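Analysis of the macromolecular model
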Amino acid sequence: MDVTEHEAAPSDAAPEASSSSGTLRKEVWQGEEFTLVEEGKAKILYPAGHQVFYNPVQEYNRDMSVMMLRLFAEEWTVKEGKPLRILEALAATGLRSVRYAKEIEGLDFVIANDLDEKAVEAIHRNREYNGVDPSKLRTTKSDAAFLLHKLKNDMATQAPDRLDFLSVVDLDPYGGASPFLDGAVSTVCEGGLLAVTCTDLAVLCGNYAESCWAKYGAMPPKRTEYCHEMALRIVLGSISSHAARHHRHIEPVVSMFADFYVRVFVRVYKHGGELKKVPSRNGYIMQCTTCDSREVQKIGKFVEPTPGNVKFSQGYAPVVNEKCGDCGGSWKMGGPMWMDPIHSEVWLSRAMAHLEDPSAPEKYGTHKRMLGTITNMLDEMKLPHVPFFYTISQLSNTLRLQTPKLDAFRSALVSLGYKVASTHCAPGAVKTDAPYSVILDVMRAWHAIAPAKLSKVSENSPAFKILSIPPSRTNISFDIVEEAKAITHTKTGVKLGRYPIHPPNWGPGSKAGRKRDSSSMVEELIERRKENQGKYTTKKKVAKLAEGQVPSSSSSSEEGENSGVAKASSSSSSGPSSSSMQN
């Protein structure tokens, strides 16, 4: 990538520019050298080192956020005439806030907050460089969780400088958002928009299930093909739980998995009668440990025998037997998590119309990918009440079969009278309202066409047990049905970027921190090792005895106690002392 150098007048704001993606160059401003990052209409001066957290991979995240806030502003400001006020609680360089300030029409103001002093300095610098009015982009230096609760307290106590109306709260932390959810759901105003990013997918996908329980109040099953959709549902369930404590409920607008994180946009409302429906919108999943069978167990249920006459009750249990009826495997339980739709079809349709506008490619550097994602999400809404999906590769792997073509598998289900849909979470995946028994029959029929070598498979394996039974349905056809084909192109014939290949240096960036000289760190480490090496060897004890530092009459038990105390003291004193600033 070409890097050019440019001298800017200290008092000059950066010139207005159209959307650009990934443009970098050196910039000297007010006597200091920076790397200039251009994204959307924002130009960010990024200092050397990692003094402030910045991740260029998340341009797609920020593009989606700008689009969602534009759609929200159309309804909130234009139609309803309400002021649009945004809080970005963890702003880092202020890139997202600057984009909001310059790209969202009808914006009253945005508050960019960060606890790190270097980050707040960067926000001030970038605000001035972009020529944004300080009254439109305000800054605070505070712990995000404290600030959210303070804003709520100011409203409750009618403080003179309170903010009565905070229409959008945006949380994009490094890691999980769980520490900030309680303050966020209670601070955003009635009908406001809450945007939440979580990058701790290892936790949400089940690699550290106990940590997920501690953070989000859910236990995810490990190594599932639908783990990324499960991560979305766990986050939505956690937000719903926090909202319910404040007599509020949520309505998911758009929920997306991308790269190494999940991002959800939800509307928050006062409960009315909807709070009673929360148990019926959350539930558990029972996952077989040896095959791909799973069942959903709702926590509650409600029926409406007559209009306005709603009756609520607990969910029925159990939904599974002690052992899986297909392979004899055991069950693992995951949850609780959100089991209702994770998108709004109305909002997705508005987003698609927005992206199909001729001017949209100039606004978003990741326009092609956004178009592909929204297309997949709209396809998901064919089956809004069907949680999770199956991947053809996983089904084939379990049954030791060759993998059928995706469209052929989808066509087989459609020919049996069932619906199919894609998912934005994984390529080669199918959402369907067909029960697992039907899916197994389709795979058995495929086994007749491309047989597995059962002679080389153990009789106790799920593949042998399932494929040894003939299909109960004989009208299964793998002939391609037009309505079963996955959407791969736009209406104008442009190929969709539904599942993009990860770019170089893909993944979460390192957390912000003060830059340290590597040579001094090595020297410090060597000195510590010298101090601690052989600290309580016999040779050193003898030397200390000679100097009278250690009493010779010490009992072995006392010596052991003192040695342990000394070791603990040494360990604590020699460890690195650092305070991580929240970004």
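Structure: see above.
Overview of the structure. (Residues numbered from 1 in each chain as written. Predicted model: local features only at pLDDT ≥ 70, side-chain atom pairs only at ≥ 80, totals over all residues. Heavy atoms only, no water.)

1. Notes on the packing of helix 4 (residues 144-156) against helix 5 (residues 178-187)
Applied cut-off: Think of each axis as a best-fit line through the C-alpha atoms, taken over the contacting stretch in the case of a helix, with angles from 0 to 180 degrees between the N-to-C directions. Strands here mean DSSP runs of E at least two residues long; helices mean DSSP runs of H or I at least four residues long; both are numbered from the N terminus. Here is the rule for angles: anything less than 35 degrees is roughly parallel, anything more than 145 is roughly antiparallel, 65 through 115 is roughly perpendicular, and the remaining ranges are oblique. What makes a crossing left-handed is the near helix being turned counterclockwise from the far one by less than a right angle; a clockwise turn instead makes it right-handed. It only takes one pair of heavy atoms within 4.5 Å for two residues to be counted as in contact. Classification convention: Asp, Glu, Lys, Arg as charged; Ala, Val, Leu, Ile, Met, Phe, Trp, Tyr, Cys, Pro as nonpolar; all other residues, Gly among them, as polar.
Look at helix 4 against helix 5: their axes get within 8 Å of each other, and the N-to-C directions meet at 25°. Taken together, the axes of helix 4 and helix 5 are roughly parallel relative to one another. Like other packed secondary-structure pairs, helix 4 and helix 5 cross with a definite hand, here left-handed. Contacts from A144, A145, L148, H149, L151, K152 and M155 of helix 4 reach helix 5 at P179, F180, D182, G183, A184, S186 and T187. Residues belonging to the contact of helix 4 with helix 5 are distributed by class as follows: eight nonpolar, four polar and two charged.

2. A look at the side chain of S142
Inspection of the secondary structure puts S142 in the loop between strand 7 (137-140) and helix 4. For S142, the residues in contact, after removing those within four places along its chain, are N113, D114, L115 and L147.

3. Re the sheet that holds strand 19 (residues 429-432)
Note the threshold: Pairing between strands is defined by DSSP: at least two bridges between the two strands are required.
Taken in spatial order, the three strands of this open sheet run 17-19-18, and their pairing is antiparallel. The strands lining the two open edges of the sheet, one partner per strand, are strand 17 (390-391) and strand 18 (420-421). Two elements, strand 18 and strand 19, share two bridges in a ladder whose sense is antiparallel. Residue pairing for strand 19: A421 is matched across the bridge by K431. Across the sheet, helix 14 (residues 406-415) is in contact with strand 18 and strand 19; its angle to strand 19 comes to roughly 10°.

4. Structural notes on the nonpolar core
As a rule of thumb, soluble globular proteins bury nonpolar side chains together. Spelled out, the test is: Here, nonpolar core refers to any group of buried Ala, Val, Leu, Ile, Met, Phe, Trp, Tyr and Cys residues whose side-chain atoms link them within 4.5 Å. Working definition: with a 1.4 Å probe on protein chains only, accessible area under 20% of the residue-type maximum means buried, over 50% means exposed, and in between means partly exposed.
Counting residues in hydrophobic clusters, the biggest one holds 55 residues, and the most contacted among them are L171, L194, V196, L204, I239 and V262. In terms of residues, this core owes the most to one element, helix 8 (residues 227-245), which gives nine residues. Excluding residues that lie within four positions of it along the chain, L194 makes contacts with V169, A184, V185, I239, V264, F265, V266 and V268. Counting 52 residues, the second-largest nonpolar core is a separate cluster that includes M64, A112, M352 and L496.

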